Amino acid sequence: MEANDENVKSNHLQELGGSDFEIVDDQPNIKGWEVLGPEGQDLGSVAELLFDASSRKVRYIVLDLADNEWNLEERDVLIPIGLAELDNERDEVLLPLVTAEQLAALPDYSKNEVSLETEMTIRTIFMNADPVTTASYQDNFYGHEHFNEDRLYSRRKAGSTSSAHTVIGIFENGFTAQNAIQRLKNSGFLDDNIDISARGSHHTESEYQQRLSGFFGTLFDDHDEAAHFSKLAAEGSVVTVHTQSIAESEVAVRVLEEYGAKVEEDPEPPHGTTVNPEPENESEAFRRQIRTRIVERQIENSKRLRTGI
């Protein structure tokens, strides 16, 4: 990204406190709230919010790491707003996808001193800055899900408690599945929460069919839906993402669909054109099937569908 990029300019962010702006009426002011890690670890508190006055959007939480349970150096660091979620009942901020290693690697934050280099460093830490991701967001730095402010409030707006979900995506081949997995990791999902399984991976055809039937039979209450996904999975590769909220699940589905699990639609023919469609081959038929789903159900470790990443 060039230093003159219009989306990211040095010192373009302001602290909410002391500014002429305030949180809108239907959203809580989270300054001072406790911040918790993936397993409820006390990571500190919200010291401040950084926002972009031109777009009127919050971009970062200033996390004060004082007295954190990960024994990290006590200092202020910046967390992209889309990595945080609000507990639906308690005045707490959750960081379900952030690791101790990432927090330790973050640069120190000093009041109103956020350079382009600082933001690029933060992005690299949370995204691994792979070539695909960098190219995708070079022209829109804040277009990444890490800066999606709606993710912060989605759990509370839904009015539901934190609950485990299983997200599935079926891909035509292992290459596209692996690309999707890499993007999931760059979006903050942990290896332990991502499974992949493909035909021919350490199983005979009959054994694999049985595993698929057992997995999708456990996941779905509807027999027809279980059969639909079992059949598709037998023809491709299955990526499963285990999440702890609907917000995480929606991010996972968007990634899976972006990288190949989305239903392909026939293009609209020009008006007045008569079309005599040719018979679909197996690949075309596969791509026109529904291949993603979010299910509010946790799968036991012993029944997870995986052959390693």
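Refer to the preceding data block for the structure.
Just so you know, the residues in each chain are numbered from 1, in the order the chain's sequence is written. Totals for whole chains, interfaces and linings use every residue, but because this is a predicted model, local features are given only for residues with pLDDT of at least 70 and side-chain atom pairs only at 80 or more, for both listing and counting. Note: side-chain values were computed over all heavy atoms of the structure, leaving out hydrogens and water.

Q: What am I meant to see in the layout of surface pockets here?
A: Think of a ball as big as a water molecule: rolled over the atoms, this probe shows where empty space is left. Cavities and pockets are found on a 1 Å grid laid over the protein atoms alone: a cavity is a set of points where a 1.4 Å probe fits but cannot escape, a pocket is an open set with protein on both sides within 12 Å along at least five of seven lines, and a lining residue has an atom within 4 Å of such a point. Grid points are joined across faces, edges and corners, and a volume is the space filled by probe spheres set on the points. Estimates place the volume of the largest pocket at around 610 Å³. In DSSP terms, a helix is any run of H or I states spanning at least four residues, a strand is any run of E spanning at least two, and both are numbered starting from the N terminus. At the level of elements, strand S8 (165-171) and strand S10 (237-243) are the ones that each hand at least two residues to the lining of the largest pocket. Classes in brief: Ala, Val, Leu, Ile, Met, Phe, Trp, Tyr, Cys and Pro nonpolar; Asp, Glu, Lys and Arg charged; the others, Gly included, polar. Looking at the lining of the largest pocket residue by residue, the class counts come to eleven nonpolar, 13 polar and seven charged. The volume enclosed by the second largest pocket comes to roughly 340 Å³. The set of elements that each furnish at least two residues to the lining of the second largest pocket consists of strand S4 (57-64) and helix H4 (150-158). A total of three residues in the lining of the second largest pocket trace back to one element, the largest contributor, which is S4.

Q: What am I meant to see in the packing of aromatic side chains here?
A: Two aromatic rings, taken as a pair, are described by how far apart their centres are and by the angle between their planes. Whether two aromatic rings pair depends on their centres lying within 6.5 Å, for rings of Phe, Tyr and Trp, where Trp uses its six-membered ring; planes under 30 degrees apart make the pair stacked, over 60 edge-to-face, and the rest tilted. Enumeration according to the criterion identifies eight aromatic pairs in this entry. Their ring planes at 85° and their centres at 5.5 Å tell us that Tyr 60 and Phe 147 sit as a pair that is edge-to-face. Pair noted here: Tyr 60 is in strand S4 and Phe 147 is in the loop between helix H3 (131-137) and H4, with a separation of 87 residues, a long-range link. You'll find Tyr 60 and Phe 147 in the same group, each marked buried. Think of it in three bands: with a 1.4 Å probe and only protein chains considered, a residue is buried below 20% of the maximum accessible area for its type, exposed above 50%, and partly exposed in between.

Q: Help me understand the packing of helix H6 (residues 205-219) against helix H7 (residues 223-235) in this model?
A: Their axes nearest at 9 Å, the elements H6 and H7 cross at an angle of 145°. In the crossing of H6 with H7, the sense of the turn from one axis to the other is right-handed. Contacts from Tyr 208, Gln 209, Leu 212, Ser 213, Phe 216 and Gly 217 of H6 reach H7 at Ala 226, Phe 229, Ser 230, Ala 233 and Ala 234. Within the contact of H6 with H7, the residues separate by chemical class into seven nonpolar, four polar and no charged. Axis geometry follows a simple rule: fit a line to the C-alpha atoms, using only the stretch in contact for helices, then measure angles between N-to-C directions, giving values from 0 to 180 degrees. Take the far helix as your reference; a near helix turned counterclockwise from it by less than a right angle gives a left-handed crossing, and one turned clockwise gives a right-handed crossing. Note on contacts: a residue pair is in contact if any heavy atoms of the two residues lie within 4.5 Å.

Q: Can you help me understand the nonpolar core in this one?
A: Considering soluble globular proteins, one finds that nonpolar side chains tend to be buried as a cluster. Definition of nonpolar core: a set of buried residues of the types Ala, Val, Leu, Ile, Met, Phe, Trp, Tyr and Cys, connected through side-chain atoms within 4.5 Å. The biggest cluster of nonpolar side chains holds 40 residues, and the ones touching the most others in it are Ile 30, Ile 61, Ile 79, Val 93 and Leu 103. Counting residues in hydrophobic clusters, the runner-up holds 19 residues, among them Leu 97, Ile 181, Val 239 and Ala 261.

Q: Just checking my understanding: could you explain the packing of helix H5 (residues 174-186) against helix H8 (residues 246-261) for this structure?
A: In a packed pair of helices, the relevant descriptors are the angle between the two axes and the axis-to-axis distance. Packing of H5 against H8 leaves a shortest axis separation of 9 Å and a crossing angle of 145°. Considering how the two elements wind past one another, H5 and H8 form a crossing that is right-handed. Between H5 and H8, the contacting residues are Thr 176, Asn 179, Ala 180, Arg 183 and Leu 184 on the first element and Ala 252, Val 255, Leu 256, Glu 258 and Tyr 259 on the second. Its residues placed into classes, the contact of H5 with H8 shows six nonpolar, two polar and two charged.

Q: How do you make sense of the pattern of salt bridges when you look at a structure like this?
A: For side chains of opposite charge, pairing can occur when their charged atoms come near one another. Salt bridges are defined by distance alone: a side-chain nitrogen of Lys or Arg within 4 Å of a carboxyl oxygen of Asp or Glu. With the rule as written, the count across this model stands at twelve salt bridges. Taking the shortest distance from any N to any O, the salt bridge between Arg 297 and Asp 221 comes out at 3.0 Å. Of this pair, Arg 297 sits in the segment after strand S11 (292-295) while Asp 221 is found in the loop between H6 and H7, placing the two residues 76 residues apart along the sequence. Residue classification places Arg 297 among the partly exposed positions, given a relative accessible area of 27%. Taking relative accessible area as the criterion, Asp 221 reaches 70% and is therefore assigned exposed.

Q: Can you walk me through the pairing of strand S3 (residues 42-52) in this structure?
A: Walk down a regular strand and you will see the side chains alternate between the two sheet faces. Of all the eleven residues making up S3, eight are buried; the element is thus mostly covered by neighbouring parts of the structure. Judged from the three bridges that link them, strand S1 (residues 13-15) and S3 form a sheet pairing that is antiparallel. Counted as the bridge partner of Glu 15 is Leu 50 from S3. When DSSP finds two or more bridges between two strands, those strands count as paired. Across three bridges, strand S2 (residues 34-36) lies against S3 in antiparallel orientation. In the sheet register, Val 35 faces S3, and the bridge partner there is Gly 44. Taking the residues between adjacent antiparallel strands as the criterion, S2 and S3 are bridged by five residues, where Gly 40 takes a positive phi near 80°. For S3 and S4, the ladder comprises seven bridges, and the chain directions are antiparallel. Residue pairing in the sheet places Asp 52 in a bridge with Lys 57 of S4. Linkage of S3 to S4, two consecutive antiparallel strands, is achieved through a turn of four residues, within which Arg 56 is found at a positive phi near 60°.

Q: Just to check I follow, could you spell out the sheet that holds S8 for this structure?
A: Sheets are built from strands that pair by backbone hydrogen bonding, the pairs being arranged parallel or antiparallel. Across the sheet, four strands lie side by side as S9-S10-S8-S11; this open sheet has antiparallel pairing. The open sheet has two edge strands with one neighbour each: strand S9 (194-198) and S11. Each strand axis lies, on average, 15° off the axis of its neighbour in the sheet, ignoring direction. Looking at chain direction, S8 and S11 are connected through four bridges and run antiparallel. Across the sheet, the residue bridging to Ile 168 is Arg 293, located in S11. Sheet contacts for H8: S8, S10 and S11; angle to S8, the most-contacted strand, approximately 0°.

Geometric values such as these leave the question of function open.
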